[in-house]
Each structure stands twice: as C-alpha cells, then as structure tokens.
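Observations on chain architecture
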Amino acid sequence: MKRLIAISFLSVLLMNCNKKAETKTPVTTIDSTDITTEAVVDTLGPQSFCYMGVTGKDSIFASIDDNLGTITGKMAYKNSEKDSSRGDLLGFKSGDTLKLTYEFESEGTKSKRDIFFIQKDNSLIEGIGDSKPDETGAVKYNNEKKIDYKGPKLEAADCKVVTEALK
C-alpha cells in the first residue's frame, strides 16, 4: 500500500511540474480598423501608356509598352494636308529618354527612322535633330547629343481612344 501511495504522490508531483513548464500563449485580438491594405503594384511586368498630341489639324497617337526598359508599341501620325503614317515602335528607355525606331508605312512605302522622346510628367516631347539615311535606308540622327526636344508634345490619353485611332 505504501508503494501505491508513493507512486500516486510521485505521479501527481510530475504532472504538476509539467503544468508549470507549459506557458500559455497570450490571445491577441485584431481590430479590423487597425488593418491597412495597400494596392500591390507589379513593377516587373510590362506597363502600358497611351499618348495623344494635336497640333492644328494634325494628330499623333502612340501606344507604348515598357517592359523593364525595353519599349514596344504602335504610333500613327494623322496629318490633314500631308501624308499620314502608321507603324510600330521598338527601342529602349535611357533615363528619361525613349530611344525608338519607328517602322512605318506611308502611301504604300515602308520606311524606318529614329524617333526619340523625352518623358516628362505624363507627356512625351518629340526630339528634333539633323538626320540622314544609313546604308540600310533607315533614317538615323546624325548626332544624338544635338537633338532638341521641342517637337510635338503628346499628353497622356485614354487608351481606348488611342487604340481606336491606331486601327
């Protein structure tokens, strides 16, 4: 009987020791008004921008996709008294400058030329500079350092309007 009492006493003692070693985790409640959510911005995927410029009766439309500095897109010059053109843009972004090649068709003739833009705020300003055709017939700027960004200004526009104009 003494053994039974000793074993019982020892069991109770061990159980109490184990209970003291256990620590209770505090229960925290979260008030839903304390939670702030921020929109997740995908900085790695392509970003699309649309621009439109109007000078007198002439219009320029551009749809540009920027994929980590590689630029692709479409552009159209709709001129009232001159030949209009429509084509593709391909190039890269260097700082705030878009250095693009505009491959276009005008009056049934396919052509290629450099076209640079400065990107400021929500607009593009076309660069104007001396240029000449290279050995492939593509028109290139003579000196990239002597480009004046005083050409037509394109403002950010609704992509639905721009896409419709580029059809």
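Residues numbered from 1 in each chain as written. Predicted model: local features only at pLDDT ≥ 70, side-chain atom pairs only at ≥ 80, totals over all residues. Heavy atoms only, no water.

Looking at the state of the cysteines
The tally for this structure, following the rule as stated, stands at one disulfide. At a sulfur-sulfur separation of 2.1 Å, the disulfide partner of Cys 50 is Cys 159. Around the S-S axis, the bridge from Cys 50 to Cys 159 shows a dihedral of about 110° and counts as right-handed. Here the residue Cys 50 occupies a position in strand 1 (residues 47-55), and Cys 159 occupies one in helix 2 (residues 159-166), the gap between them amounting to 109 residues. On the basis of relative accessibility, which here comes to 5%, the residue Cys 50 falls in the buried class. Residue classification places Cys 159 among the partly exposed residues on the basis of a relative accessible area of 31%. (Disulfide = S-S within 2.5 Å. Helix = DSSP H or I, 4+ residues; strand = E, 2+ residues; numbered from the N terminus. Buried < 20%, exposed > 50% of the residue type's maximum accessible area, 1.4 Å probe, protein only.)

Notes on the environment of Tyr 51
As for its position among the elements, Tyr 51 is in strand 1. Judged by its relative accessible area of 3%, Tyr 51 falls in the buried class. In sequence terms Tyr 51 and Met 75 are 24 residues apart; their C-alpha atoms lie 9.3 Å from each other. One polar contact links Tyr 51 to Gln 119, side chain to side chain, over a distance of 3.2 Å. (Polar contact = N/O pair within 3.5 Å; in protein donor to acceptor, adjacent residues only side chain to side chain.)

Observations concerning helix 2
Within the sequence span of helix 2, burial applies to Val 162, Ala 165 and Leu 166. Taken down its axis, helix 2 places every buried residue within 100° of arc, on the same side. Exposed residues on helix 2 whose side chains face more than 90 degrees from its buried face are Lys 160 and Glu 164. Against the buried residues of helix 2 lie strand 1, strand 2 (58-67), strand 3 (70-78) and strand 4 (85-94). Two to three positions downstream of the cap, the backbone nitrogen of Lys 160 sits 3.2 Å from a side-chain oxygen, assigning the N-cap of helix 2 to Asp 158. (Arc of directions from axis to C-beta. Contact = heavy atoms within 4.5 Å.)

Some details on the packing of aromatic side chains
Across all of its chains, the model carries three aromatic pairs by this definition. Taking 5.8 Å as the distance between ring centres and 55° as the angle between the ring planes, the aromatic pair formed by Tyr 77 and Tyr 102 counts as tilted. Here Tyr 77, found in strand 3, pairs with Tyr 102, found in strand 5 (residues 97-106); they are 25 residues apart in sequence, far enough to count as distant. Of the two residues examined, Tyr 77 and Tyr 102, each falls in the buried class. Each member of the aromatic cluster is reached from another via a ring pair, and the members are Tyr 77, Tyr 102 and Phe 104. (Phe/Tyr/Trp six-rings, centres within 6.5 Å; stacked < 30°, edge-to-face > 60°.)

Nothing here speaks to function; it is all geometry.
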